[in-house]
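Coordinates in review
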Amino acid sequence: PTQPITRTPSPQRPYPSAVVEGSSLNVRTGAGVNYPPEAQGFTLKAGDVVEVLSTAEGSGCEMANNTWFEIRTPDGTEGWVCSYYVNITNP
């Protein structure tokens, strides 16, 4: 079972941008590996740029203290990624 997500919204508008650094990154429906991918086969690749909407603590992202980013892709898809695999470019 999945736990409710406690979001910390990004205080900035426009939202900070981030660049994906992982070679293939699943976008999940919640902040943790126990949440399924956003859409079947939907992944981001290195160099993709996303907006960071909020942060939350989740599971399976130990290398980044279990911090997950809620993101929005250029096509409007929203979901969650482990913060370890993205680099904020304009904080």
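Residues numbered from 1 in each chain as written. Predicted model: local features only at pLDDT ≥ 70, side-chain atom pairs only at ≥ 80, totals over all residues. Heavy atoms only, no water.

1. Let's talk about the side chain of Arg-28
In plain terms, the rule: The numbering of helices and of strands both runs from the N terminus, where a helix is a DSSP run of H or I of at least 4 residues and a strand a run of E of at least 2. Working definition: with a 1.4 Å probe on protein chains only, accessible area under 20% of the residue-type maximum means buried, over 50% means exposed, and in between means partly exposed. Only four residue types enter the tally: Lys and Arg on the positive side, Asp and Glu on the negative side, with His and both chain ends excluded. We define a salt bridge as a side-chain nitrogen of Lys or Arg found within 4 Å of a carboxyl oxygen belonging to Asp or Glu. In what follows, a contact means two residues having at least one pair of non-hydrogen atoms within 4.5 Å.
The residue Arg-28 is located in the loop between β3 (24–26) and β4 (43–45) in this model. Here Arg-28 sits buried without a salt bridge, and the closest side chain of opposite charge, Glu-38, lies 9.8 Å off (N-O distance). Apart from the residues within four sequence positions on either side, Arg-28 is in contact with Val-33, Tyr-35, Pro-36, Pro-37, Glu-38, Trp-68, Gly-79 and Trp-80.

2. Some remarks on the pairing of strand β6 (residues 67–72)
Note the threshold: By definition, two strands form a pair when at least two bridges between them are found by DSSP.
The pairing of strand β5 (residues 49–57) with β6 spans six bridges and is antiparallel. Across the sheet, residue Glu-51 finds its bridge partner in β6, namely Arg-72. Of the pairings in the sheet, the one linking β6 to strand β7 (residues 78–82) comprises five bridges and is antiparallel in character. Note that in β7 the partner of Arg-72 across the bridge is Glu-78. Hairpin geometry of β6 and β7 is characterised by an intervening segment of five residues between the two adjacent antiparallel strands and by a positive phi of about 95° at Gly-76.

3. Some remarks on the nonpolar core
This is how the line gets drawn: What is meant by a nonpolar core is a set of buried Ala, Val, Leu, Ile, Met, Phe, Trp, Tyr and Cys residues, joined one to another through side-chain atoms within 4.5 Å.
Counting 12 residues, the largest nonpolar core is built from Ala-18, Val-20, Leu-25, Val-27, Phe-42, Leu-44, Val-50, Val-52, Phe-69, Ile-71, Val-81 and Val-86. If sequence neighbours within four positions are ignored, Phe-42 has contacts with Leu-25, Asn-26, Val-27, Thr-73 and Thr-77. Grouped together as the second largest cluster of nonpolar side chains are seven residues, Ala-64, Trp-68, Trp-80 and Cys-82 included.

4. Observations regarding the packing of aromatic side chains
The geometry of an aromatic ring pair is captured by two quantities: the separation of the ring centres and the angle between the planes. Selection rule: Here is the rule: rings of Phe, Tyr and Trp (six-membered ring for Trp) pair when centre to centre is within 6.5 Å. Planes less than 30 degrees apart are stacked, more than 60 are edge-to-face, and the remainder are tilted.
Applying the stated rule across the entire model yields one aromatic pair. Considering the side-chain rings of Tyr-84 and Tyr-85, the 5.1 Å spacing of their centres and the 90° angle between planes classify their relative orientation as edge-to-face. Relative accessible area serves as the criterion here: at 46%, Tyr-84 is assigned to the partly exposed category. According to the relative accessible area criterion, Tyr-85 is partly exposed, its value standing at 29%.

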